[in-house]
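# Observations on chain architecture
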Amino acid sequence: MSLKCGIVGLPNVGKSTLFNCLSNAKAQAANFPFCTIEPNIGVITVPDERLTKLAELVHPEKIVPTTVEIVDIAGLVKGASKGEGLGNKFLANIRETDAIIHVLRCFDDPNVVHVDGSVNPVRDKEIIDAELQIKDLETVDSRIAKVQKQAQTGGDKQAKQIYEVLARFKQALEQGQNARSLVFDTKDDEKVAHDLFLLTNKPVLYVCNVDEASAVSGNAYVEQVKAATQVEQAEILVVAAKIEGEIAELETYDERQMFLDEIGLTESGVNRLIKVAYRLLNLETFLTAGPQEVRAWTYRKGSKAPQCAGVIHTDFEKGFIRAEVIKYADYIAYGSEAAVKESGKMSVEGKDYVVQDGDIMHYRFNV
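Scope of this entry: the structure provided in the associated data block. Quantities reported herein were computed from a predicted structural model and do not represent experimental measurements.

The rules behind these values
- Residues numbered from 1 in each chain as written.
- Predicted model: local features only at pLDDT ≥ 70, side-chain atom pairs only at ≥ 80, totals over all residues.
- Heavy atoms only, no water.
- Helix = DSSP H or I, 4+ residues; strand = E, 2+ residues; numbered from the N terminus.
- Buried < 20%, exposed > 50% of the residue type's maximum accessible area, 1.4 Å probe, protein only.
- Contact = heavy atoms within 4.5 Å.
- Areas by Shrake-Rupley, 256 points an atom, 1.4 Å probe, with all protein chains shown as cover.
- Disulfide = S-S within 2.5 Å.
- Polar contact = N/O pair within 3.5 Å; in protein donor to acceptor, adjacent residues only side chain to side chain.
- Axes fitted to C-alpha atoms, helices over the stretch in contact; angles between N-to-C directions.
- Parallel < 35°, antiparallel > 145°, perpendicular 65-115°, else oblique.
- Left-handed = near helix turned anticlockwise from the far one by under 90°.
- Nonpolar A, V, L, I, M, F, W, Y, C, P; charged D, E, K, R; others polar.
- Salt bridge = Lys/Arg side-chain N within 4 Å of Asp/Glu carboxyl O.
- Core = buried A, V, L, I, M, F, W, Y, C linked by side-chain atoms within 4.5 Å.

Bringing the overall build of the protein into the picture now. When you go through the protein residue by residue, the secondary structure sums to 14 helices and 12 strands. Sorting the 367 residues of the protein into buried and exposed places 48% on the buried side. Within the protein, residue pairs in contact and separated by at least 24 positions form 70% of the contacts whose partners lie at least 6 positions apart. Counting only carbon and sulfur atoms, one obtains 49% of the accessible surface of the protein, whose full area is about 18200 Å².

Rendered as structure tokens:
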């Protein structure tokens, strides 16, 4: 399952620094706009302590975590929707992602220039929002022109539904609202809205990039961002990207943990960001555990057992018979698969079973 989160923001807000923390790839980080032109792509592992715990019991040959792709997209500027800067290319890069990580500068530093001359994260957010909204409005107007006549005179129920969803988006976008701020009453309307693939309808995580002193409790800039994003279905995360870069360069877990303890954090901002991004994509993890490997598998929340079997191999889904399911907590409590079976804690599930995050799955199939 190939999934992408795109890191966006104005130039010099800390996007490439954050990307370097997330990925082994080393994007160029420099104190001038348009340092990043082609999007850098990094495949990052999703931190999951459950894999380590299971491995301590199973002693597998290898541990295989799940991953998410992170794309470092060049800095947008005012006028990007009209091609300013390298706008059209950047907007196309954003369209290809599943979710957006929007980095906002929430720190003062006279040595790092700001493209608009001063630090104001709410203004910065509104600049990028406006550019994405303009592009979405173009998409909506184009679609309305195609379905309006059918919806109003042709008696086409599907066209009427699409038109009504488009009309709601058009009104919101013209009022300066992001598409994701709208809530639809039915699943059918939600599907129509999703299938339009609007830029401002993508799930978003706002990352407030702060200085070291604000890494734990945030600052006034962060509070401004929280106030400005209340109506959106979005999450906010406070990260000190510069400090995260220093943590990432430390070689051992103990060294990194000591550094975190010194600044008052229990977990690195990078780990928190990856976990939130994973959740933002509506993803969960099921596990497999055996002597060859302990492995995490990514699936869409709400998926049933056969669909999750297909994540491992399409033959598993085609020939699905049943799934043997052990809850993670039971596996840890009893210490082995055999002990779980003996206690009667392993369940046998059919095609309608909705897989839960952390389930340890063993599939029976026939093809």
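Next up on the list: the state of the cysteines. The full count for this structure, using the stated rule, is 0 disulfides. Cys208 forms no disulfide, and the closest cysteine sulfur to it belongs to Cys106, at a distance of 4.0 Å. The exposure class of Cys208 is buried, given its relative accessible area of 0%.

Moving on: helix α1 (residues 15-22). By the criterion of burial, α1 is predominantly enclosed, with 7 of the 8 residues buried. Residues of α1 that are buried: Lys15, Ser16, Leu18, Phe19, Asn20, Cys21 and Leu22.

Locating Asp195 in the fold gives a position in helix α6 (residues 187-195). When its relative accessible area of 35% is taken as the criterion, Asp195 is described as partly exposed. Of the polar contacts made by the side chain of Asp195, one reaches the side chain of His194; its length is 3.3 Å.

As a further point, take the side chain of Thr200. By secondary structure assignment, the location of Thr200 is in the loop between α6 and β6 (204-209). Residue classification places Thr200 among the buried residues on the basis of a relative accessible area of 0%. Non-local contacts of Thr200, meaning those with residues more than four positions away in its chain, are made with Asp129, Leu132, Gln133, Asp136, Leu173, Asn178, Ala179 and Arg180.

Another aspect to go through is unusual backbone geometry. With glycine set apart, most residues show a phi of negative sign, and most peptide bonds adopt trans. Here His59, not a glycine, exhibits a phi torsion of approximately 55°, which is positive. Tracing the backbone through its elements, the reader meets His59 in the loop between α2 (49-58) and β3 (62-64). In this model, Phe197 sits at a positive phi of 55°, which is unusual for a non-glycine residue. By the element assignment, Phe197 lies in the loop between α6 and β6.

The next subject is the packing of helix α4 (residues 121-153) against helix α5 (residues 157-174). Relative to each other, α4 and α5 sit at 150°, their axes nearing to 8 Å. By the criterion of interaxial angle, the relationship of α4 to α5 is roughly antiparallel. Considering the relative orientation of α4 and α5, their crossing is left-handed. Counted together, Gln133, Asp136, Leu137, Val140, Asp141, Arg143, Ile144, Val147, Gln148, Gln150, Ala151 and Gln152 of α4 and Ala159, Lys160, Ile162, Tyr163, Leu166, Phe169, Lys170, Leu173 and Glu174 of α5 form the full contact between these two elements. When grouped by side-chain class, the residues that make up the contact of α4 with α5 number 11 nonpolar, 4 polar and 6 charged.

What follows deals with the side chain of Asn209. Inspection of the secondary structure puts Asn209 in strand β6. The class of Asn209 is buried, set by a relative accessible area of 6%. At a separation of 2.9 Å, a polar atom in the side chain of Asn209 contacts the main-chain carbonyl oxygen of Val13.

Before going further, it helps to spend a moment on the environment of Val207. Structurally, Val207 is set in strand β6. As for Val207 and Lys15, which are separated by 192 residues in sequence, their C-alpha atoms are 9.7 Å apart. With near-sequence residues (within four places) excluded, Val207 lies in contact with Leu18, Ile101, His102, Val103, Leu104, Leu237, Val239 and Leu273.

So, on to the pattern of salt bridges. Applying the stated criterion across every chain yields a total of 19 salt bridges. Asp124 is paired through a salt bridge with Arg123; the nearest N and O atoms lie 3.1 Å apart. Asp124 gets classed as buried once you look at its relative accessible area, which sits at 2%. With relative accessibility at 21%, the residue Arg123 sits in the partly exposed group. Via salt bridges that share partners, Asp48, Arg50 and Asp357 belong to a single interconnected network.

Turning to the nonpolar core, a few remarks are in order. Judged by nonpolar contacts, the single largest core of 58 residues is most densely connected at Cys5, Leu22, Ile70, Ile94, Cys106, Val207 and Leu273. With 7 residues, the single largest contributor to this core is helix α10 (residues 269-280). If near-sequence neighbours (up to four positions away) are discounted, Cys106 is found in contact with Pro121, Cys208, Asn209, Val210, Asn219, Tyr221, Val222 and Val225. Counting 17 residues, the second-largest nonpolar core is a separate cluster that includes Ile144, Val147, Phe169 and Ala193.

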